[in-house]
Amino acid sequence: MESVSLCNTQGHIRYSIHEEMKKGSFIGNVAQDLGLDLKRLRSGQARIVTGENIHYTELMADKGILVVKERIDREQLCGDTTPCSFSFEMILENPMELHEITIEITDINDNSPTFKRNSIQFEISELANTGARFSLSSAEDLDVGINGVKEYFLTDNEHFVLKQHPNADGKKYAEMVLQKPLDRETNPHLSLKFIAVDGGTPQRSGTVIINITVLDVNDNAPAFNQSVYKAAIIENSPRDTYVTTVNASDADFGSNSVVTYYFSDLSALGELFVIDEKTGVILIAGPIDYEKEKKYELRIDAKDQGGLTDSSKVIIEVMDENDNPPIISVMSFSSTVSEDSPPGTTIGIINVKDLDSGINGQVICKIEENAPFKVKSNLRNYYALVTHSELDRENILEYNITVVATDAGNPPLSVRKIFNLKISDVNDNAPVFSQSAYNAFLRENNSPGLSVLTLGAKDLDENQNARISFILEDSKIAGCPVSEYVSVNVESGVVHAIRSFDYEQIKQLVFIVKAQDGGSPPLSSNVTVNIMIQDQNDNHPQVLYPVQTGGSVVAEMVPRSADVGYLVTKVVAVDVDSGQNAWLSYKLQKSTDRALFEVGLQNGEIRTIRQVTDKDAVKQRLTVIVEDNGQPSRSATVIVNVAVADSFPEVLSEFTDFTHDKEYNDNLTFYLVLALAVVSFLFITCLVVIISVKIYRWRQSRIMLHSSLPVIPYYPPRYSDTLGTGTLPHVYNYEVCRTTDSRKSDCKFGTTNSSKVIIEVTDMNDNAPIISVMSFTNPLSEDSPPGTTVGMINVKDLDSGENGQITCKIKHNSPFKIKSNLKKFYTFVTDSILDRESVSEYNITVVVTDAGIPPLTSEKSFQLKIADVNDNVPVFPQNAYTAFIPENNSPGVSVLTLGAKDPDEKQNARISYILEGSHIAGSQISEYVSVNSESGVVHVVRSFDYEQIKQLVFVVKAQDGGSPPLSSNVTVKILIQDQNDNPPQVLYPVQTGGSVVAEMVPRSADVGYLVTKVVAVDVDSGQNAWLSYKLQKSTDRALFEVGLQNGEIRTIRQVTDKDAVKQRLTVIVEDNGQPSRSATVIVNVAVADSFPEVLSEFTDFTHDKEYNDNLTFYLVLALAVVSFLFITCLVVIISVKIYRWRQSRIMLHSSLPVIPYYPPRYSDTLGTGTLPHVYNYEVCRTTDSRKSDCKFGRAGSQNVLIMDPSSTGTMQRIQSEKSILDEPDSPLEVRYLLF
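From a predicted model like this one, the values you see are computed outputs, not experimental measurements.

Caption draft 1: Just the state of the cysteines, in detail. Following the criterion strictly, the structure yields one disulfide and no others. Residue C78 pairs covalently with C84 via a disulfide, S to S 1.8 Å. Between C78 and C84, the S-S dihedral sits near 70 degrees, and the bridge is therefore right-handed. The pair C78 / C84 is uniform in exposure class, with both members buried.

Following this line, the structure appears as structure tokens:
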């Protein structure tokens, strides 16, 4: 704020002008008279400060002259004061200078003499004496001096003359003097003109009319206009009711004609009537009763002011009215009536009377409101109350019967009589249960005698008829009476459990309870009660695979070439409990080498966690603990033996206990191999012998080199070793289980006289101080420091002396104070720190009080607005925001609106919303949500999946538009709500491509035998993940049932020999979402006591059997081939021998030359009798599986195994065209085609 400096430099000039000068008339050259330069006037912003509402003069700063701005009326400005002048100040700034200027106004004759009244009224009695004086009002002239009133004149008349007298101030006053007596009868009224003239040029005058009224004398008596007055009134008329008006007149005038009225006879009637003494109006003053008096006579007198009188008579007739209501008397009444009373039953008799007569005494009787009753008249004035319709106590317990008796008067009068009638109860309502059916939950393993629920029934009847007993209806549950399971308290309806329940045996109890009242005969109703047993974690997990046999060892084989993540086997377990009690987790408790294997927490898969090496022990023992999710949890342990080896012989040295089937197969294989070895031995021995013989003969032939006989070389057939590998492969069966988590003044003049009074005027405190504003700053910044000048004022008081001394202060408690710099000049400054947000504007009231007695006060109010600075941050109404959005939402949908407020204003309060940078799941938050910078509306950018992301937490900043800007943050949490968008996933049993997996049930299985359990999960949450199991199809519906909540398949009757071996069940698993989703699983059940029975019905045998049969086949084939070759070789040798022997015999006697014989050369026999490994994999996968490729490295041959789409699921081998000799290390590739 710019500060104001004050200077004591002052100048005083005086000018004189005539009043009524035109606007713009020249008054004087201020600049010249004060010795100021025109530039100083302009730079100092010279201006006139008058402190008055009207500015008569105007300063032309550019010329330095003073001119007339407004019309100047001296009379208005100064009145009678002479000389007349007014003063004002001229103020200059920088530095501040004050110069006083006085303007004197001279008078012109512009006003005529005037009288205060338009007329002067006199009332003079006709008996007034001659010489009587009457003072007349003086005229007033606003002009002064010679222009004021000079003399008076009175119009000519025969009764009055005018006399004038001077006052001490030079002015004159006049008197009117009576010179001839008045006579009212001759001339009752006189009218004269009184004229006043002034001494100005041109001369002006003023006139007033004098009206004189001549007063009369009393000489006439009053007279009534009627000798008898008649009137009629109604009885019971209220006080001050008008009766009639009497009137008397007097021929006199004025007060002599004023008449007063009064009663002549002051009797008891004076208490009933009253008369107005001025108007003659007669009013009722007391109660009028027709039954007591039917007519009244009154004597009235009239008297004037002189005592003269006259009299008259008033006759008043009283008219009857209907002022008595009927009276009801009860003759008899029954306060209670049974609800089964028939219509027409009499409940009471009443008598009705009316004291009025005629039509006012005629009575009509009826029942008010709509009630099942009516009134019947039997005798005159006697009435009977009877029922009109059937009664029902349960709807209305009692009636307030209102009997209304009304007469025929106008207006009619009525009376009411209320009869309270109670309805007594009969047993006509059966008990009603509060619910149509009751459902309760009871945890299994409960304590016997535990209360489960309380049944509630109501009976609309009362007393004994409403007393309810609860009775358990006879029924059977699982062949036993329901009373062996539950009991019901007869009085309270509390249902108790008699025994402890097992959820796995019985899941719900449904029975009927009867509620019976105590009426005669009793009435009852039934309700169905459904008690659902809730599962507790009271069962350990059961390991299905691997199976733990008595003393034998079942080992899983892992090749030493197995890579990281190699699937060794899978632990499969189930829990007969349901819900989360059946959720299983798998942990590796012990292991021969913990660095080699790991177990999947949820699926139980045992995999390698590093590369298998040659240093790893062949025998590995793993202890796996299977734990459920109950509270407390229960567990089971399974031991898994793993053999780290590439061939079966390596395993035999470590694992000596095999299963019976394995021993049998091994014995068979042993004998086949033994036979093959013997035959091969014989065959090789034979070859060795032949070769030895051939060598011998060759050596002998060398001896015979010099012989003349031809040499016949012999080349025996060359046989190659059979190439084959007889490794016995393991059969792997994989079950993959996965889860996701508003004025007048009247003057009378009698005989008067006059004299002169000289009055001296002394000053008194009659002028309040005057406040003039010199300067004022508005608005003021809220950060202005204390002591900042807000404005400057000038205070004057027209009084003098002590009455002109003033004190100045600020009213109310405000952060401002007054400081005095110069005489009569004050500045008000800030006294403390300002805050616009607390107070945005101030009404500063400056109070100025003088020192007179009593003191006079003036007030001046200044409205000061506080300008804003940016000193407040935006504030959110909440510490944090939480919103909900369902998954699968449309991108761009608005979630919530953020709102922040800034106490500042305008640009400082303009808020922008900014999304703070952060990451969610590795992505920028801006990829998920956006915030409108102006409105604060939060939108989602993408569609969300509850299963992937369940909530978004981010920060939004609110920043104002100030400089510098201020901001604040708020945390926003958006919770994704789950929708039912995922069908259930069946984990067990696993559905393979074309193979059949059957559950075996012995024919000795009893009712409730657990066949298997369908295990399914739903990746949704809440009720969307609640699953129910239903049997959709079955070969024999009378044999099996599925647990609704736990998926357990049990028998519902005894298994018999007539039941088919092959049973096919279709189970549908359905969630609880809206709409619901479902999945279907087929369960094959074999009803048999042994495995061979199953083989005839199920054509897809286990992989072990296929493997063993294939091995045996190839062994037998190899034995047959070797034997055939051996026998063939023998036959050929023998045949050759015989042939040669015969030739030799022929040639002994022949002379033909010897022809060398070269026997055929046999090529090496290339055998490919290797027995390939056959792998049969049962792969159980989730519904989103597409393809699985498995490759096994195996040297020796290249084969492609393709799953046969037939029901047997056998694998066909396609032999590669390449020779195993060309690619000896080519891998064995196995592919699975899933159908």
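Caption draft 2: The side chain of D616, seen in detail. When you line up the elements, D616 lands in the loop between β49 (605–608) and β50 (619–628). In this structure D616 comes out as buried when scored by relative accessible area, which is 8%. Dropping the residues within four chain positions of it, D616 is found in contact with R560, D593, L596, R610, Q611 and V644.

Caption draft 3: Representation of the pairing of strand β76 (residues 1048–1051). Side chains of β76 alternate between two faces, with E1048 and R1050 and I1049 and T1051 buried alike. The pairing of strand β72 (residues 1010–1013) with β76 spans three bridges and is classified as antiparallel. Looking at the pairing, K1013 lines up with E1048 of β76. As judged from the three bridges shared by strand β75 (residues 1040–1042) and β76, these two strands associate in the antiparallel manner. Among the inter-strand pairings, E1041 is bridged to a residue of β76, identified as R1050. Between β75 and β76, which pair antiparallel one after the other, the connecting turn spans five residues, and G1047 there sits at a positive phi close to 75 degrees.

Caption draft 4: Geometry of the environment of N94. Examined against the element boundaries, N94 turns out to sit in the loop between β6 (84–92) and β7 (96–106). Sequence separation between N94 and G44 is 50 residues; the distance between their C-alpha atoms is 6.0 Å.

Caption draft 5: Molecular detail of the sheet that holds strand β59 (residues 841–850). Taken in spatial order, the four strands make up an open sheet running β54-β60-β59-β56, and their pairing is mixed. Edge positions in the sheet fall to β54 (780–781) and β56 (806–810), since each of these pairs with one other strand and no more. Looking at chain direction, β56 and β59 are connected through five bridges and run antiparallel. Its bridge partner being in β59, I806 is matched across the sheet by D850.

Caption draft 6: View of the packing of aromatic side chains. Counting across every chain of the model gives 23 aromatic pairs. Plain terms: the ring middles of Y928 and F944 are 6.2 Å apart, the flat faces sit at 5 degrees to each other, and that makes the pair stacked. Here F944 lies in the loop between β67 (937–940) and β68 (951–959) and Y928 lies in the loop between β65 (923–924) and β66 (929–931), a separation of 16 residues in the sequence. For the residue pair Y928 and F944, the accessibility class agrees, reading buried in each case. Sitting over the face of the ring of Y928, R942 holds its NZ or CZ atom 4.3 Å from the ring centroid. The ring of Y946 has K950 lying over it, and the distance from NZ or CZ to the ring centre is 4.9 Å.

Caption draft 7: Quick look at the side chain of K1013. You can see K1013 is positioned in strand β72. No salt bridge is formed by the buried K1013; the nearest opposite charge belongs to E1048, separated by 4.8 Å. In terms of polar contacts, K1013 uses its side chain to reach the backbone carbonyl oxygen of D577, at 2.2 Å. Not counting the four nearest positions on each side in its chain, K1013 is found in contact with D575, V576, D577, S578, A582, Y988, N1046, G1047 and E1048.

Caption draft 8: Just the confidence of the model for the chain, in detail. Per-residue confidence for the chain gives a mean pLDDT of 81; residues scoring 70 or more make up 83%. In the predicted structure, residues 1099–1104 sits below a pLDDT of 50 and forms 16 contacts with residues beyond four places in sequence or in another chain. Note on residues 1151–1235: pLDDT is under 50 here. Beyond four places in sequence and across chains, it has 153 contacts.

Caption draft 9: Quick peek at the sheet that holds strand β9 (residues 133–135). On the basis of which strands lie adjacent, the open sheet formed by three strands has the order β9-β12-β11 and antiparallel pairing. Each of the sheet's edge strands pairs with one partner strand only, and the pair in question is β9 and β11 (160–166). Across this sheet, the average inter-strand angle for adjacent strands is 30 degrees, counted without regard to direction. Note that β11 and strand β12 (residues 172–178) share seven bridges and pair antiparallel. Paired with K163 across the strands is E175, a residue of β12.

Caption draft 10: Representation of the environment of N427 in the model. Inspection of the secondary structure puts N427 in the loop between β31 (414–424) and β32 (432–433). It is 8.4 Å that separates the C-alpha atoms of N427 and E462, two residues lying 35 residues apart in sequence. Setting aside anything within four residues of it in sequence, one finds N427 in contact with D461, N465, D517, G519, S520, P521, P522 and L523. At 3.5 Å, the side chain of N427 forms a polar contact with the side chain of D517.

Caption draft 11: Here's a closer look at unusual backbone geometry. In this chain, Q631 is followed by P632 through a cis amide linkage whose omega measures -5 degrees. Secondary-structure assignment places P632 in the loop between β50 and β51 (635–644). In this model, I853 is joined to P854 through a cis peptide bond whose omega is -5 degrees. As for its placement among the helices and strands, P854 is situated in the loop between β59 and β60 (857–867). Non-glycine residue E20 carries a positive phi angle of around 65 degrees. Inspection of the secondary structure assignment puts E20 in the loop between β1 (6–18) and β2 (26–29).

Here is what the cut-offs are and how they apply
Residues numbered from 1 in each chain as written. Predicted model: local features only at pLDDT ≥ 70, side-chain atom pairs only at ≥ 80, totals over all residues. Heavy atoms only, no water. Disulfide = S-S within 2.5 Å. Buried < 20%, exposed > 50% of the residue type's maximum accessible area, 1.4 Å probe, protein only. Helix = DSSP H or I, 4+ residues; strand = E, 2+ residues; numbered from the N terminus. Contact = heavy atoms within 4.5 Å. Pairing = 2+ DSSP bridges. Phe/Tyr/Trp six-rings, centres within 6.5 Å; stacked < 30°, edge-to-face > 60°. Lys NZ or Arg CZ within 6 Å of the ring centre and 35° of its normal. Lys, Arg positive; Asp, Glu negative; His and termini not counted. Salt bridge = Lys/Arg side-chain N within 4 Å of Asp/Glu carboxyl O. Polar contact = N/O pair within 3.5 Å; in protein donor to acceptor, adjacent residues only side chain to side chain. pLDDT = per-residue confidence, 0-100. Axes fitted to C-alpha atoms, helices over the stretch in contact; angles between N-to-C directions.

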